[in-house]
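Architecture at a glance
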Amino acid sequence: MSVEDAPIGVFDSGVGGLTVAREIMRQMPDENIVYFGDTARVPYGNKSKTTILRFSRQIVSFLRTKQVKAIVIACNTASAHALDIIEKEQDIPVIGVIRAGARTAAAATENGRIGIIATRGTIDSGVYEEVLRHIDPGFQIFGKACPLFVPLVEEGLTHDFITEEIARRYVKDLQYKGIDTMILGCTHYPLLRSLLKKVMGDDVTLVNPAYETAVELLELLEQKGMRRKRQPGGPPAEYRFYVSDLAAQFQEFAGSILPYDVAETQQIDIESYGQETERGEK
Ligand code: DGL
């Protein structure tokens, strides 16, 4: 297989990273994708850095068995805790979602007051602040952990009044701080975009890091001469989905996020990767 035809590896703690995969599919419809959702060990948002790094290494090790040409860590919590280390360990490009989100927010803000909503792990890591302050030390940055959003999205309550009420409570502090830009710093939150828009009003720009991550990936693949360009009459892009548990449930959710039906999802034993001796799936 030529490097151009090799797939892009995308991973997340579960279904949320499909919002990033969806952007990659939109912006680069010719690229092959292998997606892994760690449905057995989700949520990542309240786990330690050591644990998330171990999980991420196992997943990267699995994706490398699929000959991926690049890896996208499509999970904010894993990007916050593991990207710096993983990208040094790998000899293929690895990108996360945080730098792209921070850059977009920095370009969008006019008053320099930026809010971040994310999991507890991402907020406590301080990584968004670090990247934003590196861009402009004068930014005023306010973070808010919103741990209830992930289960609400997974329950399909994206337009429910309960979710709206919880959102109002979560973002109240950020509204008092006068932010004009808010980063949706968790893969599930773009699915709450219209509800959050209603709660925050038109004066606050909502930043979806998924979009910019795909832009960054496209530029990177171009630069490295790794873009797949489908030949006339050539095979269309192929998408393969793997999970660590509950494949049927994943498939159903994936069908509601992606613009087509996900025909097959394979379950693998992720704990057996990242070790020399065992392989869960050949
Ligand atoms: N994918 C995670 C993130 O973007 C959210 C879900 C979880 O906590 O695992 O931070």
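What you see is a predicted model; the values in this text were computed from it and never measured. (Residues numbered from 1 in each chain as written. Predicted model: local features only at pLDDT ≥ 70, side-chain atom pairs only at ≥ 80, totals over all residues. Heavy atoms only, no water.)

**Section: the confidence of the model for the protein**
When pLDDT is low, close inspection of the predicted coordinates is not appropriate. The pLDDT averaged across the protein works out to 94; a share of 98% of its residues lies at or above 70. Residue range residues 276-282 is modelled with pLDDT below 50. Its contacts to residues more than four positions away, or to other chains, number 13 contacts. (pLDDT = per-residue confidence, 0-100. Contact = heavy atoms within 4.5 Å.)

**What about the packing of helix H8 (residues 161-176) against helix H9 (residues 193-200)?**
Interaxial distance between H8 and H9 falls to 10 Å at its minimum, and their mutual angle equals 50°. Judged by the inter-axis angle, H8 sits oblique to H9. Note on packing geometry: the crossing formed by H8 with H9 is right-handed. Residues Thr163, Glu164, Ala167, Arg168, Val171 and Gln175 of H8 touch H9, and the partners they reach there are Leu195, Leu196, Lys198, Val199 and Met200. Tallied by class, residues from the contact of H8 with H9 come to six nonpolar, two polar and three charged. (Axes fitted to C-alpha atoms, helices over the stretch in contact; angles between N-to-C directions. Helix = DSSP H or I, 4+ residues; strand = E, 2+ residues; numbered from the N terminus. Parallel < 35°, antiparallel > 145°, perpendicular 65-115°, else oblique. Left-handed = near helix turned anticlockwise from the far one by under 90°. Nonpolar A, V, L, I, M, F, W, Y, C, P; charged D, E, K, R; others polar.)

**Section: the pattern of salt bridges**
In the structure shown here, the tally under the stated rule is 16 salt bridges. One salt bridge connects Arg41 with Asp38, and the closest N-O pair in it is separated by 2.8 Å. Across this residue pair, the class does not change: Arg41 and Asp38 are buried. A salt bridge links Glu164 to Lys198, with the shortest nitrogen-to-oxygen separation between them at 2.9 Å. One end of the pair, Glu164, is in helix H8; the other, Lys198, is in helix H9, with 34 residues separating them in the sequence. You can call Lys198 exposed: its relative accessible area is 55%. The structure contains a network of salt bridges with shared partners spanning Glu31, Lys69, Glu222 and Arg227. (Salt bridge = Lys/Arg side-chain N within 4 Å of Asp/Glu carboxyl O. Buried < 20%, exposed > 50% of the residue type's maximum accessible area, 1.4 Å probe, protein only.)

**Points about the pairing of strand E1 (residues 8-12)**
Looking down a regular strand, the side chains alternate between one sheet face and the other. Of all five residues in E1, five are buried, a share of seventy percent or more. Alternating positions in E1 separate into two faces, Ile8, Val10 and Asp12 on one and Gly9 and Phe11 on the other, with burial throughout. Sheet topology places E1 next to strand E2 (residues 33-37); five bridges connect them, and they run parallel. Across the sheet, the residue bridging to Val10 is Tyr35, located in E2. In terms of handedness, the path from E1 via helix H1 (residues 18-27) over to E2 forms a crossover that is right-handed. (Pairing = 2+ DSSP bridges. Right-handed = clockwise from strand over helix to strand, strands pointing away.)

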